[in-house]
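# Overview (structure and organization)
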Amino acid sequence: MTLEVGGNVDRSVDVVIIGMGYVGLPLAREASGAGLSVIGLDISPEVVDGLNQGRSHVDDLADSDIAEMLRRGFFTTSDAGKLRRARTIVICVPTPLSKDGAPDLDPLRRAVGSVAEHLQPGTLVILESTTYPGTTDEEIRPMLEAGGLVAGRDFCLAFSPERIDPGNQTFGPKNTPKVVGGYTSACGDAAEAFYSQFIDVVVRTKGTREAEMAKLLENTYRHINIALVNEMARFCHELDVDLWDVIAAASTKPFGFQAFRPGPGVGGHCIPIDPNYLSHRVRARLGYPFRFVELAEEINASMPRYVARRIQDQLNLDGRSLRGSLVLLLGVTYKPDIADTRESPAIPLAKILLQQGAAVRFHDPLVKQFSVSGVDIPRVDDVDLSLAEADICVLLQNHRQYDVDAMTAVSQRFLDTRGVAHRAANVQLL
Ligand SMILES: NC(=O)c1ccc[n+]([C@@H]2O[C@H](COP(=O)([O-])OP(=O)(O)OC[C@H]3O[C@@H](n4cnc5c(N)ncnc54)[C@H](O)[C@@H]3O)[C@@H](O)[C@H]2O)c1
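Throughout this description, residue numbers start from 1 for each chain and increase along the sequence as written. In keeping with the predicted nature of the model, local features appear solely for residues at pLDDT of at least 70, side-chain atom pairs appear and are counted solely at 80 or more, and the whole-chain, interface and lining totals rest on all residues. Heavy atoms from the whole structure form the basis of all side-chain values; hydrogens and water molecules are not counted.

### Observations regarding the overall build of the protein chain
For clarity, the cut-off: To qualify as a helix, a DSSP run of H or I must reach at least 4 residues; to qualify as a strand, a run of E must reach at least 2; elements of each kind are numbered from the N terminus. Radius of gyration means the value over C-alpha atoms here, while the globule rule gives 2.2 Å times the residue count to the 0.38 power. When a residue's accessible area, from a 1.4 Å probe over protein chains only, is under 20% of the maximum for its type it is buried; when over 50% it is exposed; and in between it is partly exposed. Any two residues whose heavy atoms approach within 4.5 Å at even a single point are treated as in contact. Areas reported here follow the Shrake-Rupley algorithm with a probe of radius 1.4 Å; residue values treat only the protein chains shown as occluding.
Of regular secondary structure, the protein chain possesses 14 helices and 15 strands. In summary, the protein chain has a C-alpha radius of gyration of 24 Å against a globular reference of 22 Å for 430 residues, a match within 12%. Within the protein chain, the fraction of its 430 residues that count as buried is 51%. The contacts in the protein chain between residues at least 6 apart in sequence include a share of 69% that link residues at least 24 apart. As presented, the protein chain carries roughly 19300 Å² of accessible surface, and 51% of it is formed by carbon and sulfur atoms.

### What to know about the site of the ligand
Quick note on the threshold: If a single non-hydrogen atom of a residue is within 4 Å of a molecule or strand, that residue counts as near it. Distance and chemistry together define a polar contact, namely a pair of N or O atoms within 3.5 Å, with one atom able to donate a hydrogen and the other to accept it when in protein, and with adjacent residues in sequence counting only for side-chain atoms on both sides. Side-chain classes follow a simple rule in which Ala, Val, Leu, Ile, Met, Phe, Trp, Tyr, Cys and Pro form the nonpolar group, Asp, Glu, Lys and Arg form the charged group, and the remainder, Gly included, forms the polar group.
What surrounds the ligand is a group of 27 residues, the closest being Tyr22, Val23, Asp42, Thr95 and Thr130. At 3.1 Å from an oxygen atom of the ligand is found a main-chain nitrogen or oxygen belonging to Tyr22. Contacts to the ligand include Asp42, whose side-chain N or O atom sits 2.6 Å from an oxygen atom. Protein burial of the ligand: of its 840 Å² of free accessible surface, 91% is covered by the chains. Grouping the amino acids of the shell around the ligand by side-chain chemistry returns 15 nonpolar, seven polar and five charged.

### Topic: the side chain of His118
Tracing the backbone through its elements, the reader meets His118 in helix H4 (residues 106-118). With residues near it in sequence (within four places) discarded, His118 still touches Ala80, Gly81, Leu83 and Arg84.

### Here's the deal with the nonpolar core
The criterion, for reference: Take the buried Ala, Val, Leu, Ile, Met, Phe, Trp, Tyr and Cys residues and link them wherever side-chain atoms come within 4.5 Å; each set so joined is a nonpolar core.
Core analysis: the largest hydrophobic core is formed by 38 residues, its most contacted members being Ile311, Val327, Leu329, Leu349, Leu353, Phe370 and Val394. Among the elements of the structure, helix H7 (208-239), helix H8 (243-250), helix H11 (303-317), strand E9 (326-330), helix H12 (346-355), strand E10 (359-363) and strand E13 (392-395) are those that each provide at least two residues to this core. No other element matches H11, which puts six residues into this core. Beyond its immediate stretch of four places on either side in the chain, Leu353 contacts Ala308, Ile311, Leu322, Val327, Leu329, Ala358 and Val360. The next biggest cluster of nonpolar side chains, apart from the first, holds 34 residues, and it includes Val112, Ile140, Leu144 and Ala211.

### Section: the sheet that holds strand E14 (residues 414-416)
So the rule is basically this: Here, any two strands with at least 2 DSSP bridges between them count as paired. Here an angle of 0 to 180 degrees is reported between the N-to-C directions of two axes, which are lines fitted to C-alpha atoms, with helices fitted over the stretch in contact.
Read across the open sheet, the five strands follow the order E10-E9-E13-E14-E15; overall the sheet is parallel. Of all strands in the sheet, those bounded by a partner on one side alone are E10 and strand E15 (427-429). Here the average twist between neighbouring strands, direction ignored, is 20°. Taken strand by strand, H11 contacts E9, E13, E14 and E15, and its axis lies near 150° from that of E13.

### Some details on a nonpolar patch on the surface
Applicable threshold: A patch consists of residues exposed above 30% relative accessible area that lack any salt bridge, with like charges linked at up to 9 Å and nonpolar side chains (Val, Leu, Ile, Met, Phe, Trp, Tyr) linked at up to 5 Å. Whenever a carboxyl oxygen of Asp or Glu lies within 4 Å of a side-chain nitrogen of Lys or Arg, that contact is scored as a salt bridge.
Among the surface-exposed residues, Phe235, Leu239, Val241 and Val246 lie close enough to one another that they form a single nonpolar patch of about 340 Å² accessible area. Tracing the backbone shows Val241 in the loop between H7 and H8.

### Topic: the pairing of E9
Using the following cut-off: Look down the strands so they point away from you; if going from the first strand over the helix to the second traces a clockwise path, that crossover is right-handed.
E9 sits mainly inside the fold: five of its five residues count as buried. The two faces of E9 match: Leu326, Leu328 and Leu330 on one face and Val327 and Leu329 on the other face are all buried. Two strands pair when backbone bridges link them, and E9 and E10 are joined in this way by five bridges, in the parallel orientation. Residue pairing for E10: Val327 is matched across the bridge by Val360. With H12 bridging E9 and its parallel neighbour E10, the resulting β-α-β unit is right-handed.

### What to know about H12
Keep this limit in mind: Our arc is simply the arc of the directions from the helix axis toward the C-beta atoms.
Those residues of H12 not exposed but buried are Ala346, Leu349, Ala350, Ile352 and Leu353. One side of H12 carries all its buried residues, which in axial view fall inside an arc of 160°. Lining the buried residues of H12 we find H11, E9, E10 and strand E11 (371-372). A positive phi of about 90° marks Gly357, the residue just after H12.

### Thoughts on the environment of Tyr132
Note that Tyr132 resides in the loop between strand E5 (124-127) and helix H5 (135-145). On a C-alpha basis, the gap between Tyr132 and Arg281 in space is 6.6 Å, while along the polypeptide they are 149 residues apart. The contact partners of Tyr132, leaving out residues within four places of it in the chain, are Pro103, Leu105, Glu139, Glu212, Leu216, Tyr277 and Arg281.

### Re the packing of H7 against helix H10 (residues 291-301)
Helix-helix packing: each pair is described by the crossing angle between the helix axes and the interaxial distance. Rules: Put simply, angles under 35 degrees are roughly parallel, angles over 145 are roughly antiparallel, angles from 65 to 115 are roughly perpendicular, and the rest are oblique. Helix crossings fall into two classes, left-handed where the near helix is turned counterclockwise from the far one by less than a right angle and right-handed where it is turned clockwise.
For the pair H7 and H10, interaxial distance at closest approach is 8 Å and the crossing angle is 50°. The orientation of H7 with respect to H10, classified from their angle, is oblique. Note on packing geometry: the crossing formed by H7 with H10 is left-handed. In this structure, H7 uses Thr220, His223, Ile224, Ile226, Ala227, Asn230, Glu231 and Arg234 to contact H10, whose residues at the interface are Phe292, Val293, Ala296, Glu297, Ile299 and Asn300.

### Remarks on the pairing of strand E7 (residues 178-182)
With five of five residues buried, E7 is to be regarded as a mostly interior element. The two faces of E7 match: Lys178, Val180 and Gly182 on one face and Val179 and Gly181 on the other face are all buried. With two bridges connecting them, strand E6 (residues 156-159) and E7 associate as antiparallel partners. The residue bridging Ala158 from the neighbouring strand is Gly182, located in E7.

Listed below in structure tokens is the structure:
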């Protein structure tokens, strides 16, 4: 089926991407680099101004990337009227959780409302934001069809989950296969043709629900396997077993095993959030729990408290109390080599330590300011001096810039939550 492109409307823009964040901006660069005309649409004046002035606020893009995009004609706007000119519209807005832990589709509904207001016949609309299965068909489609245009007949609709991995230097948008599910097979063809212009491999699913669920399976799989090793870390410590050595040994099996490593908890906008979209949907629709996810959530969310207890236990063994002790947190981002602290387990950990009266400092080569519940945690500039001063140093994130063995050499006590330090008398593993 070929869709008719609307009458006399100016349709000169290949793609308008809604939401210029960690997902939308790299996509814009890829599309722009392939020669497509790209407009970014964002409700944040800071984001709009920053990008138009050539400043990147996303780890994976340098200011020089934005300059190159601007040179190619890219710009960002908050004027939703630009949607009328788009041949394709891709939605990359946040899908957070509400205060009670339920999916919060408000930002998505707001973005889709703008699309619906300006939707032209022949437009391809793609949702990339992570969400529960059924969202594209049951939430988005009715909103888009409210003006009289019909999906699959007058415009195309598809879901294509974003798989961006911030900080990953091997896999970016171009060489990571892109999953695409169309509302109809023709919608899927249109979305496949769009992405094939700048992505090496496009993988089709049966429909939008399967594409939505594929993303949730990927993240739930990670969430559960991280919880598995996090739970093991606790009893391995008690059994005096070096779990990292165990994982290294198990990893030599050339089939049937994938290594996951313990840590101080999970962070970012995917692992702690996406599986909840699925478990909430299962519970709300079917009335029963998704037990694996709920258990993984419980274990991973309890890790910051476990790390705090391990800090307290170690200080106790050294004849000190947590209250009044100087605790230096090393690496407060949610993953290595990026500056993003969203949902970082360092936040609940610092909160618990502060509540217990510890003097908390942090060092992170990529983070200038770190606050917890409105309280600024002092940042140390001279990390070598601070390592020696602290009663205990806690490695939370193993940034490439860290020489962990050099750090442990000058520390009094060192708790390594990443299992990377050489085993020494003053080093404790998680
Ligand atoms: N960050 C990741 O690593 C990652 C990876 C895979 C999938 N995702 C998913 O992608 C989606 C986007 O995540 P992100 O990390 O890019 O978010 P982000 O917070 O980095 O960026 C979202 C942008 O959307 C803008 N925005 C919000 N509502 C808007 C609206 N109604 N109209 C226009 N702009 C609007 C915000 O101002 C912000 O600039 C989420 O569903 C997330 O779960 C994120």
